[in-house]
Number of protein chains: 2
Amino acid sequence: MRRIARALLIASCALMPMTPVLAAAARAQENRAETINRIIDQGLNHSEAMLIAHHLTDRIGGRMTNSPAMRAAERWTADRFRAWGLANVRAEPFRFGRGWEILSSRVTLVSPRPLALTAIPVAWTPPTPGTVRAPVIVAPIKRERDFAAWKGRLAGRIVMISLPGTGDEPNEAPFRRLSDSDLAGLDRLEPHRHDPAEIARQLRRASFDAKLDAFLKAEGAVAWVRRSYRDGKLVHGEGYGFARGATPSLPGIELAAEDYRRVARLAQGGEPPVLEILSDVRFDDSDENAYNIIAEVPGTDPAAGYVMAGAHLDSWVAADGAADNAAGVAAVMEAARILKTLGIRPKRTIRFALWAGEEQALLGSLAYVNRHLASWPPMPEGMSGDEVYYRAIHAWPITRKPGAADLAAYFNIDNGAGRIRGIHAEHNVGAVPLLRDWLAPFASLGAGQVAIARTGGTDHVFMQRAGLPGFQFIQDPLDYDSRIHHTNADTFDHLKGDDLRQAATVLAGMLFQAADSAERLPAMPAPTEPVATDPFKVEDPDNAQD
Amino acid sequence: MRRIARALLIASCALMPMTPVLAAAARAQENRAETINRIIDQGLNHSEAMLIAHHLTDRIGGRMTNSPAMRAAERWTADRFRAWGLANVRAEPFRFGRGWEILSSRVTLVSPRPLALTAIPVAWTPPTPGTVRAPVIVAPIKRERDFAAWKGRLAGRIVMISLPGTGDEPNEAPFRRLSDSDLAGLDRLEPHRHDPAEIARQLRRASFDAKLDAFLKAEGAVAWVRRSYRDGKLVHGEGYGFARGATPSLPGIELAAEDYRRVARLAQGGEPPVLEILSDVRFDDSDENAYNIIAEVPGTDPAAGYVMAGAHLDSWVAADGAADNAAGVAAVMEAARILKTLGIRPKRTIRFALWAGEEQALLGSLAYVNRHLASWPPMPEGMSGDEVYYRAIHAWPITRKPGAADLAAYFNIDNGAGRIRGIHAEHNVGAVPLLRDWLAPFASLGAGQVAIARTGGTDHVFMQRAGLPGFQFIQDPLDYDSRIHHTNADTFDHLKGDDLRQAATVLAGMLFQAADSAERLPAMPAPTEPVATDPFKVEDPDNAQD
């Protein structure tokens, strides 16, 4: 509609005096353009985005869900929203489980020579009882059928559970921006494949860590050590297998790849190397609820529904959760500040959501969806983060709630610190023209691409599963995948001011237009029972056991 | 000569029965080819190169000159040479100074929030008296004229002496092999530029660390902290300014770039952050001599002189000195093993040299040159490693000793862990045909390139300065410059077996041919007094103060 009006407007100027209807459309168009100019000025020239990111990263640091640092982040972000004058600022609780934090840790090679190693406790594993010292055994265990080979051999040992492997040979630049052809490559609709055997495999893997923990405990192992999956002294410490449910029995440590492989080589022949581990970590059971922080710019038409932007506030623990995802949070908060500062009052309400529990299983956004938008089948208790994730992602039936109709658009931002280059239409072919129209003013900021690709792995996913209009932006990757995602190097340094200001500005502009648009994005079909894409596929028995 | 003989041989086969002289040349040629085939078989299929490298890195670790680990490396390498049956195995001493090693270290941010930082003590700085705790001050100091701005402000502080800068944006692949065009680009003779103002600047910079240490001490600072020059949590700990002479007064720490910048940001506005530093390092004065380890395969003609291969055994301290330079040492030792195992007895003696003190100022190879090959002007006492280096590199007059005539060729290997792709002819244009001839058998191993470029910075340099035939190989860079050179990630992982075996094999083949060749490499002119390349250049006064 608006695009038609604009085309008419151009034609009309040259030909005839405007009718009142056309004049109103022209005024609306003019207002939209002026508002976008003000958003760009406020976002680029009066930005607070880097100050927000600085506070979240440098001052608060890593924000594991339900940790003391995450509590501080919840308070601080809600306070900022209130200070800027946003409405309905609130913390929506959902049941999560134990908090966890690292107080200090230290891993040392004692023999054959003394050496401090680069290491991090694995999230949600218990502390060591003081400093423990034990010989290692290299016992690569990937699946349950590997247990038999190591039975009776692990008592009193620190068990090195990863294959050492050999060093990586990275042949791509660590820091990248998307080229035109990269962007064009995203504009392709790749059919989703539903593979029941693969889902079964995912679920088996998702419960494996707990089984391994029980096996190692029963065998009398002292602790377990895994290898970092990145070289170059980067460590992560994610604990996907332990996010919820029973607390594991054994301390778990991630060693830098170089350190892991060194110890593994020293273990070949001769006396086993001896390690000393201090893992001074602490569970926090003061509040088992996690909280999504919500704030709003109210719309002028209470019946018009709302649009929403979201980013997850929680992080893993290895560094300060900067690119993942203080960057996204800063963009969302800064978009709120821009819109509020400019006194913009669109037709629809604009809601801002800072999610918790994203790193476990998108638990915060799942809780939001279940509360407001759609029902999922009930989940069994006592599952790991990975189990919840894979169960929820493949769950059926999913039933939309009445509130689903209120959500006109959701924009998620969680792809690192790079500028916005466009938006994924998430297979919603009908949404492309309107998304193009809304992005058009930001083409000269580099954000012009609408690509049909569907994305996963972050907080728009459960909306997408329910057929609701959840979208994720295309962002320049920078060094996110190469060295930042979840690592001990994910600090403020790896944010880029120009990128972050641009992202907040584009987000604010998209929110304003989606909230004020006369047109709504088209709905996707309601979810139906999944059907195997390839019903005649025969599994390789080897894979079937993974 | 040999190349002519070969050309004649090809012609002769078709035309006439051989004369006795031609038959002898053909037999020599045939013997050379058979010997090279045996070297390739021994080097590629019966290699011990990775076992040697494993012992030096994993078992012995970083080998700072005159540290206990370096002493262990000196003993072990000499023992290996003896076990293989090499002749004249000896340790040639030269005066070096204090040894130094890290026992343990820990740097923690205490306030505004507790956080373990990635850090390393700077080599040859003294220990902290236990754990010291003090507020920081960000006081970037690059040259003497910066002192005035900070006078009276540093007492009781941990002084952050580096500019924080912003994060890097690495847009080249970390792991690289040389392309054909990379190789072709090396084959260009770039005239050396003699710039007296630049030399004066280098010498001023080389003595700056000691002046800074004295200034900080006089101001009552507690310790100083510098930023790592690589991002991604890599640290180095080199102490170029302190290698010799007076021991510095203040403990010095290198912080990972991400950690340094975080603290620097926290220092902007409000209370200064407080750090705790434990630097438990130890000087070792048990023997002020360093030692070059020398071993030989004796030649059949005592009057024919010798050829030599060398690599430095010492390293910095952040990791295990694998690519820099256990790789080179393993190649040299393995070449010795190959030649000895095969019972090869060339005309000239083949000498193997493992240098000490390379990381300070090429001190080991300089000592060798001064003892056997050429006289340098006497050096003043009490200079830093950098001062010795720049003085020695620009010294004049240099006088060849009678022993200089005995050195037919020196091959240095110190460019990381990558395979040999060819050799730098080091501006010796006349040497190119013979080097090409010797490399020809290894073209199918990827080592065919002879490039005229001159290289610096390692142990062939002082031979080169004396006009003697010192050459360095061209090697694939792998990840040497991107993340390995002197960092805490320089471990065995970043060596590559196929590359190291190839390098040792090519080196053995080059040594054999150089030792058995009827021809000698042409001499370069004896050094003469340097003349400014650009006598009319006017210095920018800003640069003149650097």
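Everything below is about the structure shown above.
Quantities reported herein were computed from a predicted structural model and do not represent experimental measurements. (Residues numbered from 1 in each chain as written. Chains lettered and ligands numbered in written order. Predicted model: local features only at pLDDT ≥ 70, side-chain atom pairs only at ≥ 80, totals over all residues. Heavy atoms only, no water.)

**Topic: the interface of chain A and chain B**
Each partner contributes residues to the interface: chain A has 39 residues there, and chain B has 40 residues. Carbon and sulfur atoms supply 46% of the area buried between chain A and chain B, which totals about 3,300 Å² over both sides. Where chain A touches chain B, the interface holds 14 salt bridges. A salt bridge links Arg265(A) to Asp493(B); the shortest N-O distance between them is 2.7 Å. (Contact = heavy atoms within 4.5 Å. Buried area = accessible area lost by both parts, 1.4 Å probe. Salt bridge = Lys/Arg side-chain N within 4 Å of Asp/Glu carboxyl O.)

**What to know about the side chain of Asn325(A)**
Residue and element names in this part refer to chain A. The residue Asn-325 is located in helix α10 (residues 322–341) in this model. Only 3.3 Å separates the side chain of Asn-325 from the side chain of Asp-414, close enough to count as a polar contact. Other than its neighbours up to four places away in sequence, Asn-325 contacts Arg-63, Ala-311, His-312, Ile-413 and Asp-414. (Helix = DSSP H or I, 4+ residues; strand = E, 2+ residues; numbered from the N terminus. Polar contact = N/O pair within 3.5 Å; in protein donor to acceptor, adjacent residues only side chain to side chain.)

**What to know about the pattern of salt bridges**
This structure, assessed with the given rule, holds 80 salt bridges over all chains. Across the pair Arg265(A) and Asp58(B) runs a salt bridge whose closest N-O atoms are separated by 2.5 Å. In this pair, Arg265(A) is assigned in helix α9 (residues 257–266) and Asp58(B) in helix α3 (residues 49–60), connecting two distinct chains. In this pair, the class of Arg265(A) matches that of Asp58(B), namely buried. Here Asp259(B) and Lys233(B) are joined by a salt bridge, their closest N and O atoms 2.8 Å apart. With Asp259(B) in helix α9 (residues 257–266) and Lys233(B) in the loop between β7 (223–227) and β8 (252–255), the pair connects residues that are 26 residues apart, well separated along the chain. Neither Asp259(B) nor Lys233(B) differs from the other in exposure class; each is buried. (Buried < 20%, exposed > 50% of the residue type's maximum accessible area, 1.4 Å probe, protein only.)

**Concerning helix α3 (residues 49–60) of chain A**
Here α3(A) spans 16 Å end to end across twelve residues, near enough to the 16 Å set by a 1.5 Å rise per residue. Of all the twelve residues making up α3(A), nine are buried; the element is thus mostly covered by neighbouring parts of the structure. What α3(A) keeps buried is the set Ala49(A), Met50(A), Ile52(A), Ala53(A), His54(A), Leu56(A), Thr57(A), Asp58(A) and Ile60(A). Contact partners of the buried residues in α3(A): α4 (68–83), α10 and α17 (497–516) of chain A together with α9 of chain B. (Expected span 1.5 Å × (residues − 1).)

**Quick notes on the relation of the copies chain A and chain B**
Mapping chain A onto chain B calls for a screw motion: a turn of 180 degrees about the axis and a shift of 0.0 Å along it, with 0.0 Å RMSD after fitting. The transformation relating the two chain copies, once decomposed into turn and shift, fits a two-fold axis. No C-alpha of chain A lies nearer the rotation axis than that of Ala173(A), which sits 2.0 Å from it. (Least-squares fit on C-alpha atoms with pLDDT ≥ 70 in both.)

**Brief notes about the pairing of strand β18 (residues 470–475) of chain A**
Look at any regular strand and the pattern is simple: side chains alternate between the two faces of the sheet. Residue and element names in this part refer to chain A. Most of β18 is tucked away: six of the six residues are buried. Sheet topology places strand β15 (residues 407–412) next to β18; three bridges connect them, and they run parallel. Residue Tyr-410 lies in a different strand from β18, and its bridge partner there is Gly-470. The pairing of strand β16 (residues 420–424) with β18 spans four bridges and is antiparallel. (Pairing = 2+ DSSP bridges.)

**Topic: the environment of Arg177(B)**
All names here are of chain B. Take Arg-177: it is sitting in the loop between β6 (158–160) and α6 (180–185). Residue Arg-177 is classed as partly exposed on the basis of its relative accessible area, which comes to 36%. The sequence separation of Arg-177 and Leu-478 amounts to 301 residues, and the corresponding C-alpha distance is 6.0 Å. A distance of 2.9 Å separates a polar atom in the side chain of Arg-177 from a polar atom in the side chain of Asp-476.

**With respect to the sheet that holds β7(B)**
Residue and element names in this part refer to chain B. Read from one edge to the other, the open sheet built from eight strands follows the order β3-β2-β9-β5-β6-β7-β8-β4, with strand pairing classed as mixed. Strands with a single pairing partner mark the edges of an open sheet, and in this sheet they are β3 (115–117) and β4 (119–121). Sheet twist, expressed as the mean angle between neighbouring strand axes with direction ignored, is 30 degrees. Here strand β5 (residues 131–138) runs beside strand β9 (residues 274–284); their pairing, made up of five bridges, is antiparallel. Across the sheet, Pro-135 pairs through a bridge with Val-274, a residue of β9. Across the face of the sheet, α9 comes into contact with β2 (99–111), β3, β5, β6, β7, β8 and β9 while running at roughly 115 degrees to β7. (Axes fitted to C-alpha atoms, helices over the stretch in contact; angles between N-to-C directions.)

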